[in-house]
Amino acid sequence: MFIIFSHGKESGPHGAKIQLLSSIAQKMGFETYSMDYTNCKNVNERVKLLLQFIEGQPTQNLILVGSSMGGYVATVVAQKCTVDALFLMCPALYLPNYPIQDYHPTTTNIEIIHGWQDTIVPYSHSIRFGKHTNAKVHLIQDNHRLSEQRPFLADTFQQFLIRYQQNY
């Protein structure tokens with residue numbers, strides 16, 4: 001069971017959310033890896049880098065986790081590769097400057113957390129994607145960074161992984 005984390009535009013591979021979620025996953029027996037996109041100039045380079053990384057990994061039991069721009073990257077890659085699950089935090093979907101606007105991930109096991117007070121990516125985009133993919137969507141009292149509700153984020157991710165382990 002392998003989880004790949006994709007960070008957001010202004011973050012890095014060892015940001016607070018990734019550290020928190022990675023710790024939970026590792027304690028549950030998952031292998032984790034956090035992509036480093038800090039040298040990527042645009043979203044297309046990030047997608048290409050993640051696709052190249054996945055090519056060298058086992059193709060079974062793969063979960064992609066993405067935050068903001070990393071949520072977009074994970075979602076686009078989940079259309080091109082077989083993944084078992086997607087966990088997205090304030091995913092940057094349906095933004096006008098991103099090349100792909102129509103999303104069809106290979107998995108139906110999708111969970112999203114988005115803050116009502118997000119001023120970067122409208123929460124309505126997660127509702128739209130959730131409706132389209134039948135994803136489980138959590139709208140919470142928080143901002144784009146999800147810094148106010150870390151215990152909820154941690155618990156939701158842990159429950160997501162527990163359900164995953166029960167089904168795979």
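Refer to the structure above for everything that follows.
Fair warning: this is a prediction, and the values are worked out from it, not measured in the lab. (Residues numbered from 1 in each chain as written. Predicted model: local features only at pLDDT ≥ 70, side-chain atom pairs only at ≥ 80, totals over all residues. Heavy atoms only, no water.)

Colleague: Hey, could you go over the pattern of salt bridges for me, with residue numbers and the actual values?
Modeller: Under the definition given, this model contains one salt bridge. Residue arginine 163 is joined to glutamate 111 by a salt bridge in which the shortest nitrogen-to-oxygen separation is 2.6 Å. Of this pair, arginine 163 sits in helix α5 (residues 150-167) while glutamate 111 sits in strand β5 (residues 110-115), placing them 52 residues apart in sequence. For glutamate 111, a relative accessible area of 3% puts it in the buried group. (Salt bridge = Lys/Arg side-chain N within 4 Å of Asp/Glu carboxyl O. Helix = DSSP H or I, 4+ residues; strand = E, 2+ residues; numbered from the N terminus. Buried < 20%, exposed > 50% of the residue type's maximum accessible area, 1.4 Å probe, protein only.)

Colleague: Quick one: what's the story with unusual backbone geometry, residue by residue and with numbers?
Modeller: Here the phi dihedral of serine 68 falls at roughly 55°; this positive angle occurs in a residue that is not glycine. For serine 68, the location among the structural elements is in the loop between β3 (62-67) and α3 (69-80). In this model, cysteine 90 sits at a positive phi of 45°, which is unusual for a non-glycine residue. Position of cysteine 90 among the secondary structure elements: in the loop between β4 (85-89) and β5. Assessed through its relative accessible area of 0%, cysteine 90 is described here as buried.

Colleague: Describe the packing of aromatic side chains, listing the residues and the values that go with them.
Modeller: Summed over all chains, the structure comprises twelve aromatic pairs. Seen in terms of ring centroids, phenylalanine 30 and tyrosine 164 are 6.0 Å apart; in terms of plane orientation they differ by 45°. Their pairing is tilted. Within this pair, whereas phenylalanine 30 is found in the loop between α1 (16-27) and β2 (31-34), its partner tyrosine 164 is found in helix α5, the two being separated by 134 residues in sequence. Of the residues examined, tyrosine 164 reaches a relative accessible area of 1% and is grouped as buried. Ring centres of tyrosine 103 and phenylalanine 129 lie 6.1 Å apart, and the angle between their planes is 85°; this geometry places the pair in the edge-to-face category. Taken together, the positions of tyrosine 103 in the loop between β4 and β5 and phenylalanine 129 in helix α4 (residues 123-133) put the pair 26 residues apart, joining distant regions of the chain. Here the two residues tyrosine 103 and phenylalanine 129 agree in accessibility, since each one is buried. Put simply, the rings of Tyr72, Tyr94, Tyr98, Tyr103 and Phe129 pair up and form one aromatic cluster. Between arginine 128 and the ring centre of tyrosine 94, over which it is positioned, the NZ or CZ distance is 3.7 Å. (Phe/Tyr/Trp six-rings, centres within 6.5 Å; stacked < 30°, edge-to-face > 60°. Lys NZ or Arg CZ within 6 Å of the ring centre and 35° of its normal.)

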